[in-house]
Amino acid sequence: MNVDPALRDQILAAIPSLRAFAISLSGNVDRADDLVQETILRAFANIHSFQPGTNMPAWLFTILRNLFRSEYRKRRREVEDADGGFAETLKSHPDQIGRVEFQEFRAALAQLPAEQREALILVGASGFSYEEAADICECAVGTIKSRVNRARSRLAKLLQVDSLDEFGPDHATRAVLIGNDS
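In this text the structure is predicted, and so the values were computed from the model without any measurement.

### A few points about the overall build of the chain
Turning to step 1, where the next piece is worked out: Looking only at helices and strands, one finds 10 helices and 0 strands in the chain.
Turning to step 2, where the next piece is worked out: Evaluated residue by residue, the chain yields a buried proportion of 36% over its 182 residues.
Turning to step 3, where the next piece is worked out: For the chain, restricting intrachain contacts to residue pairs at least 6 apart in sequence, the fraction spanning at least 24 positions comes to 60%.
Turning to step 4, where the next piece is worked out: When the accessible surface of the chain is summed, it comes to about 11,200 Å², and 50% of that surface belongs to carbon and sulfur atoms.

### Here's the deal with the packing of helix α7 (residues 114–125) against helix α8 (residues 130–137)
Turning to step 1, where the next piece is worked out: Packing of α7 against α8 leaves a shortest axis separation of 9 Å and a crossing angle of 140 degrees. The angle between α7 and α8 places the two elements in the oblique class. For the crossing formed where α7 meets α8, the hand is right-handed. Packed against α7, whose contacting residues are Glu118, Leu122 and Val123, the element α8 presents Tyr130, Ala133, Ile136 and Cys137 at the interface.

### Brief notes about the pattern of salt bridges
Turning to step 1, where the next piece is worked out: Going through the model one piece at a time under the given rule, you end up with 6 salt bridges.
Turning to step 2, where the next piece is worked out: Residue Asp9 is joined to Arg8 by a salt bridge in which the shortest nitrogen-to-oxygen separation is 3.3 Å.
Turning to step 3, where the next piece is worked out: Residue classification places Asp9 among the partly exposed residues on the basis of a relative accessible area of 43%.
Turning to step 4, where the next piece is worked out: A relative accessible area of 34% places Arg8 in the partly exposed class.
Turning to step 5, where the next piece is worked out: Glu118 is paired through a salt bridge with Arg69; the nearest N and O atoms lie 3.0 Å apart. Residue Glu118 is found in helix α7, and its partner Arg69 is found in helix α4 (residues 56–75); the two are separated by 49 residues along the sequence.
Turning to step 6, where the next piece is worked out: Classification of Glu118 as buried rests on a relative accessible area of 1%.
Turning to step 7, where the next piece is worked out: By sharing partners, the salt bridges in this structure join Arg65, Arg69 and Glu118 into a single network.

### Observations regarding the packing of aromatic side chains
Turning to step 1, where the next piece is worked out: Across all of its chains, the model carries 3 aromatic pairs by this definition.
Turning to step 2, where the next piece is worked out: Here the aromatic rings of Phe50 and Trp59 are separated by 5.2 Å at their centres, their planes lie at 55 degrees, and the arrangement is tilted. Pair check on accessibility: Phe50 and Trp59 agree, each one buried.
Turning to step 3, where the next piece is worked out: Among the aromatic residues, those joined into a ring-pair cluster are Phe21, Phe61 and Phe128.

### With respect to α7
What sets the pattern is the α-helix's 3.6 residues per turn: residues three or four places apart point alike.
Turning to step 1, where the next piece is worked out: Here α7 is 12 residues long and its end C-alpha atoms lie 15 Å apart, about the 16 Å a rise of 1.5 Å per residue gives.
Turning to step 2, where the next piece is worked out: Burial runs high along α7: 9 of the 12 residues are buried.
Turning to step 3, where the next piece is worked out: Those residues of α7 that sit buried are Gln116, Arg117, Glu118, Ala119, Leu120, Ile121, Leu122, Val123 and Gly124.
Turning to step 4, where the next piece is worked out: Phi turns positive one or two residues past the end of α7, at Gly127, with a value near 80 degrees.

### So, the environment of Ala119
Turning to step 1, where the next piece is worked out: Structurally, Ala119 is set in helix α7.
Turning to step 2, where the next piece is worked out: Given the relative accessible area of 0%, Ala119 is considered buried.
Turning to step 3, where the next piece is worked out: Each C-alpha atom of the pair Ala119 and Ala133 lies 6.8 Å from the other, and the pair is 14 residues apart in sequence.
Turning to step 4, where the next piece is worked out: If we ignore the near neighbours within four places in the chain, the residues touching Ala119 are Gly124, Ile144, Arg147 and Val148.

Criteria and thresholds
- Residues numbered from 1 in each chain as written.
- Predicted model: local features only at pLDDT ≥ 70, side-chain atom pairs only at ≥ 80, totals over all residues.
- Heavy atoms only, no water.
- Helix = DSSP H or I, 4+ residues; strand = E, 2+ residues; numbered from the N terminus.
- Buried < 20%, exposed > 50% of the residue type's maximum accessible area, 1.4 Å probe, protein only.
- Contact = heavy atoms within 4.5 Å.
- Areas by Shrake-Rupley, 256 points an atom, 1.4 Å probe, with all protein chains shown as cover.
- Axes fitted to C-alpha atoms, helices over the stretch in contact; angles between N-to-C directions.
- Parallel < 35°, antiparallel > 145°, perpendicular 65-115°, else oblique.
- Left-handed = near helix turned anticlockwise from the far one by under 90°.
- Salt bridge = Lys/Arg side-chain N within 4 Å of Asp/Glu carboxyl O.
- Phe/Tyr/Trp six-rings, centres within 6.5 Å; stacked < 30°, edge-to-face > 60°.
- Expected span 1.5 Å × (residues − 1).

Geometric values such as these leave the question of function open.
In structure tokens, the structure reads:
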């Protein structure tokens, strides 16, 4: 199959963002990598359905989200490690403050309802506009704005953050908590 090199490069450039989104959705790096791989395969297989001039990352995120939803429906009957006891035995404990803060952030993010977490990651961490996130999630722009606002408020409460100076220096975490969107 011949794929326009420019389209191929756009798809490949989106992989880090797709992976981050997949991790936020699934909470599991291995599942996330599988989702990204399947997303890329489907994108190449269906590249004819991509409309040039439209937003490639939004198209890819939509494919990934749909794959995740399908996988979720199939895996509903799996037993979850709800308290994280088993997962905790597989991790090494962090030895730096930044890693501790990141673990706290991930734990707080995992406590958000899936729709809020998804909207927050799309707008706050992945840099999509509210309109693009609404298209990806197939809902109204106002719904996305509401979900992002509720998610940020809930995260701030969970992390006991009263101001931005109280939590981590990294740009992505700040963007998720307070946003750089309009």
